[in-house]
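Chain by chain, the residues:
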Amino acid sequence: MEEALRYIEANYAHSVNIQVIADHLNIERTYLYRLFKDITGVSPQEYLLDYRIRRACSLLKETDLPVSDIARSVGYGDALYFSRLFKQKKGSPPSQYRKGQASL
């Protein structure tokens, strides 16, 4: 499982899905999914999304990069889609999140 987590964290900015991870680890996709969910409590896709959002939060706090650049750097080619996902997870759009962090 540690290898799967390391793979996600090293490749989050690229196209990653459960089949790619399973192939990398030379195990069945369904086995990986079950094992991953049993150990982490979330699916590999959910873990990937959460990891990407955490990385985006760091970039929003620590840089002045435009949201579209941050979206691309965490694996989303579509900044609007990224913003929608970000808002679902964090409760505010990326630009508003950045402003709120600046006042802390």
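About the cut-offs
- Residues numbered from 1 in each chain as written.
- Predicted model: local features only at pLDDT ≥ 70, side-chain atom pairs only at ≥ 80, totals over all residues.
- Heavy atoms only, no water.
- Helix = DSSP H or I, 4+ residues; strand = E, 2+ residues; numbered from the N terminus.
- Buried < 20%, exposed > 50% of the residue type's maximum accessible area, 1.4 Å probe, protein only.
- Contact = heavy atoms within 4.5 Å.
- Areas by Shrake-Rupley, 256 points an atom, 1.4 Å probe, with all protein chains shown as cover.
- Lys, Arg positive; Asp, Glu negative; His and termini not counted.
- Charge placed at Lys NZ, Arg CZ, Asp CG, Glu CD.
- Axes fitted to C-alpha atoms, helices over the stretch in contact; angles between N-to-C directions.
- Parallel < 35°, antiparallel > 145°, perpendicular 65-115°, else oblique.
- Nonpolar A, V, L, I, M, F, W, Y, C, P; charged D, E, K, R; others polar.
- Salt bridge = Lys/Arg side-chain N within 4 Å of Asp/Glu carboxyl O.

S.K.: Honestly, the overall build of the protein chain in this entry has me stumped. Any pointers?
M.R.: For the protein chain, the count of helices and strands is seven helices and zero strands. Overall, the protein chain shows an N-to-C arrangement of helices and strands of α-α-α-α-α-α-α. Expressed as lengths along the three principal axes of its C-alpha atoms, the size of the protein chain is roughly 45 × 25 × 20 Å. Looking at the protein chain as a whole, 33% of its 104 residues are labelled buried. Contacts spanning at least 24 positions in sequence make up 52% of the contacts within the protein chain whose residues lie at least 6 apart. For the protein chain, the exposed surface amounts to about 6300 Å²; the carbon and sulfur share of it is 49%. Side-chain charges of the protein chain comprise 15 positive and 12 negative groups, with the mean position of each set lying 7 Å from the other.

S.K.: Before we go on, may I ask you to explain the packing of helix α4 (residues 44-62) against helix α6 (residues 79-90) in this structure?
M.R.: Packed helix pairs are specified by the crossing angle of their axes together with the interaxial distance, meaning the distance between the axes. Here α4 crosses α6 at 95°, and the two axes come no closer than 11 Å. Taken together, the axes of α4 and α6 lie roughly perpendicular to each other. Contacts from E46, L49, D50, I53, A56, C57 and L60 of α4 reach α6 at F82, L85, F86, K89 and K90. Across the contact of α4 with α6, the residue classes tally to eight nonpolar, no polar and four charged.

S.K.: Please clarify how the pattern of salt bridges should be interpreted in this entry.
M.R.: Any two side chains of opposite charge can pair, on the condition that their charged atoms come close. Taken as a whole and assessed by the stated rule, the structure comprises five salt bridges. Here E2 and R6 are joined by a salt bridge, their closest N and O atoms 3.8 Å apart. A residue pair is termed a helical-turn pair when its members lie 3 or 4 positions apart in one helix, as E2 and R6 do in helix α1 (residues 2-11) at four residues. With relative accessibility at 59%, the residue E2 sits in the exposed group. Accessibility expressed as a relative area gives 47% for R6, which makes it partly exposed. Notably, a salt bridge pairs R72 with D69, separated by 2.4 Å at the nearest N-O pair. With R72 and D69 both in helix α5 (residues 67-73), this residue pair falls three residues apart, about one helical turn. Salt bridges here are not isolated pairs; linked through shared partners, they connect E2, E3 and R6.

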